[in-house]
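# A look at the structure
Read off the chains here:
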Amino acid sequence: MWNKIAAFIEQHQLLSSEGLHLVALSGGADSVALLLIMLRLGYRVEAVHCNFHLRGDESDRDEQFVQNLCKERDVPIHLIHFDTEEYASLHQVSIEMAARELRYRYFEQLRQDVGADTICVAHHRDDSVETVLLNMLRGTGLDGLCGIRPIHDYVVRPLLCVGREEIVKYLESIGQDYVTDSTNLEDEVLRNKIRLNVLPMLRTLNPAVDRHISEMSEWLQEVRMVYDASVGDSISHLLNNGKVSIASLLETPSPEAVLFEMMRRYGFSGTQVKEVYRCLNKSDGTIWKSDSHELLINRNFVVIEPLQEPLPTLVVPEQGTYCYHDDIRFRMELVDDVQVSKVPQVATLDAATVPFPLTIRPVQAGDRFFPYGMKGSRLLSNYLTDLHLSRFDRRRQIVVTDVHGRIVWVVGRRIDDRCQVTAQTRQVLRIVLVS
């Protein structure tokens, strides 16, 4: 068996012959076999054992066993204790998830501290098969059908080429004992139900079912690499400053797949992807949110932007230069030059019609103003919509108001008609947007 594992390690380039490798050693058959085979193959290893204090005396028994085993084999061992139940309660996660987070966080920190190349865990072929079936029951895509991968970041799995039965037979052949986690024999959790009930039933239909599912997963991992390259190339061509042309998206071989992978990068769920895909040809103003980004459909584009804090409100008591938000500054000055600016970043207003203090703020619902050069007042929302601005752009729009709350400048776009410079103007208020 160790020849098969050596070939698997070489095939996937999992381990460096010169490096140091940490072996996650629980004391069970799988991890014990992994440690012994890596020693047999000549790798330099150190063991790591986590006591999660979830099984009473059994947890302490496991710790003592791995200590004795490492002493017999002259293998350095790192031990750590966790209050797993307290962590799960504090972070509101399941016990299983708590143990996983604690384990892998510690493994990575230890790897960095001792300068190890990898963290070796003892997942085998049966674990990968169980994972595939578990994902299928929960609902999955291509990723879920790929099973457990041989390598992920610094975590490697040299035993994925062998099954549990082979591991146990190997340990029996060399007279090596191991401990058994009693919770693995209880079919109360879904994974154990699959291991103890579903897979044995499937083996009665086809004794080679484990191998067939494993081979399918390996093949799909290759397919996944082709898929990732193709879809990644499509996304890189389509995505331009957070915008994707819907027409170009629909010309790809699989628009929904491209949309899914693109949105997944920004934390959106599969359900949200389906909703967005259904709405591609209709822009109803809906905004979809992930933990980090927002998405909307604006006319012929899908637009994705990072979540942003609401813009502030700034009161300006007199002329001067003011920092509004991030790198946005406003310079306000009273000048005798009555020449009207035609630069969008500069507003020239009749100072007599714009009493201080002024206020700089984002657009609010119900805002109205008298657009320069137009008759009558308009809702600012309608004015901005007519400019074909997205909801994101409209939400970012800034206005300047006077002491009475009257909008005097829609920043960068248009002044209020009532504040325009006329032949009777004696002094001009110049407001310059500096960004």
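## So, helix H8 (residues 164-173)
- Here H8 has its buried residues at Ile167, Val168, Tyr170 and Leu171. Along the axis of H8, the buried residues cluster in a sector spanning 160 degrees; they form a single face. Opposite its buried face, H8 presents the exposed residues Glu165, Lys169, Glu172 and Ser173, each directed more than 90 degrees away.
- Looking one or two residues beyond H8, the residue adopting positive phi is Gly175, at roughly 70 degrees.

## Quick notes on the sheet that holds strand E9 (residues 293-298)
- Strand order in this open sheet of four strands is E7-E10-E9-E8, and the pairing throughout is antiparallel. Whereas interior strands pair on both sides, the edge strands pair on one side only; in this sheet they are strand E7 (243-245) and strand E8 (287-289). Shown here is a sheet whose adjacent strand axes are inclined to one another by a mean of 20 degrees, direction ignored.
- Sheet topology note: the E8/E9 ladder contains three bridges and is antiparallel. Considered in E9, the bridge of Lys289 is made with Glu294.
- With respect to the sheet, helix H13 (residues 270-278) is in contact with E8 and E9, its orientation differing from that of E8 by roughly 165 degrees.

## Description of the side chain of Gln397
- When you line up the elements, Gln397 lands in the loop between helix H15 (391-396) and strand E18 (398-401).
- When neighbours within four sequence positions are excluded, Gln397 is seen to be in contact with Arg361, Pro362, Val363, Leu384, Val410, Val411 and Arg413.

## Brief notes about the packing of helix H2 (residues 29-40) against H8
- At their nearest, the axes of H2 and H8 sit 10 Å apart, and the two run at 65 degrees to each other. In this structure, H2 meets H8 at a crossing whose hand is left-handed. When H2 is examined against H8, the residues Ala29, Asp30, Val32, Ala33, Leu36 and Ile37 are found in contact with a partner set consisting of Arg164, Ile167, Val168, Tyr170 and Leu171.
- For the contact of H2 with H8, the class distribution of residues is nine nonpolar, no polar and two charged.

## Digging into the packing of helix H6 (residues 125-138) against helix H9 (residues 190-205)
- Packing of H6 against H9 brings their axes to within 10 Å, and their N-to-C directions diverge by 100 degrees. Relative to H9, H6 is oriented roughly perpendicular. Of H9, the residues touching H6 (which contributes Asp126, Asp127, Val129, Glu130, Thr131, Leu133, Leu134, Leu137 and Arg138) are Leu190, Arg191, Ile194, Arg195, Leu199, Leu202 and Arg203.
- Residue composition of the contact of H6 with H9, by class: eight nonpolar, one polar and seven charged.

## With respect to the nonpolar core
- Ranked by size, the top nonpolar core spans 36 residues in total, and within it Leu15, Leu25, Met38 and Leu171 carry the most contacts.
- Of all the secondary-structure elements, those providing two or more residues to this core are helix H1 (2-12), H2, strand E2 (44-51), helix H3 (57-73) and H8.
- Broken down by element, the residue count for this core peaks at eight residues, all from H2.
- In this structure, Met38 is in contact with Leu15, His21, Val23, Tyr43, Val45 and Cys120, ignoring residues within four places of it in sequence.
- Membership of the second largest hydrophobic core comes to 21 residues, among which are Phe82, Tyr87, Ala88 and Val121.

## Examining the packing of aromatic side chains
- One pass over the full model with this rule turns up six aromatic pairs.
- Measuring from centroid to centroid gives 5.7 Å for Phe52 and Phe82, while their planes differ by 20 degrees, and the two rings are stacked. Pair noted here: Phe52 is in the loop between E2 and H3 and Phe82 is in the loop between strand E3 (77-81) and helix H4 (84-91), with a separation of 30 residues, a long-range link.
- Looking at Phe82, the relative accessible area reads 12%, which means it is buried.
- When the ring of Tyr324 is compared with that of Phe330, the centres are 6.2 Å apart and the planes differ by 80 degrees; the resulting orientation is edge-to-face. Of the two residues, Tyr324 and Phe330, neither departs from the other in class, the shared state being buried.
- Taken together through their ring pairs, the aromatic side chains of Phe52, Phe82, Tyr104, Tyr106 and Phe107 make up a single cluster.

## Examining the sheet that holds strand E1 (residues 20-24)
- Strand order in this open sheet of six strands is E3-E2-E1-E4-E6-E5, and the pairing throughout is mixed. Two strands close off the open sheet at either side, each with one partner strand: E3 and strand E5 (151-152).
- By the bridge criterion, two bridges tie E5 to strand E6 (residues 155-156) in an arrangement that is antiparallel. Its bridge partner lying in E6, Ile151 is registered against Val156.
- In the packing of H2 onto the sheet, contacts are made with E1, E2 and strand E4 (118-120), and the angle to E1 comes to roughly 160 degrees.

Criteria and thresholds
- Residues numbered from 1 in each chain as written.
- Predicted model: local features only at pLDDT ≥ 70, side-chain atom pairs only at ≥ 80, totals over all residues.
- Heavy atoms only, no water.
- Buried < 20%, exposed > 50% of the residue type's maximum accessible area, 1.4 Å probe, protein only.
- Helix = DSSP H or I, 4+ residues; strand = E, 2+ residues; numbered from the N terminus.
- Arc of directions from axis to C-beta.
- Pairing = 2+ DSSP bridges.
- Axes fitted to C-alpha atoms, helices over the stretch in contact; angles between N-to-C directions.
- Contact = heavy atoms within 4.5 Å.
- Left-handed = near helix turned anticlockwise from the far one by under 90°.
- Nonpolar A, V, L, I, M, F, W, Y, C, P; charged D, E, K, R; others polar.
- Parallel < 35°, antiparallel > 145°, perpendicular 65-115°, else oblique.
- Core = buried A, V, L, I, M, F, W, Y, C linked by side-chain atoms within 4.5 Å.
- Phe/Tyr/Trp six-rings, centres within 6.5 Å; stacked < 30°, edge-to-face > 60°.

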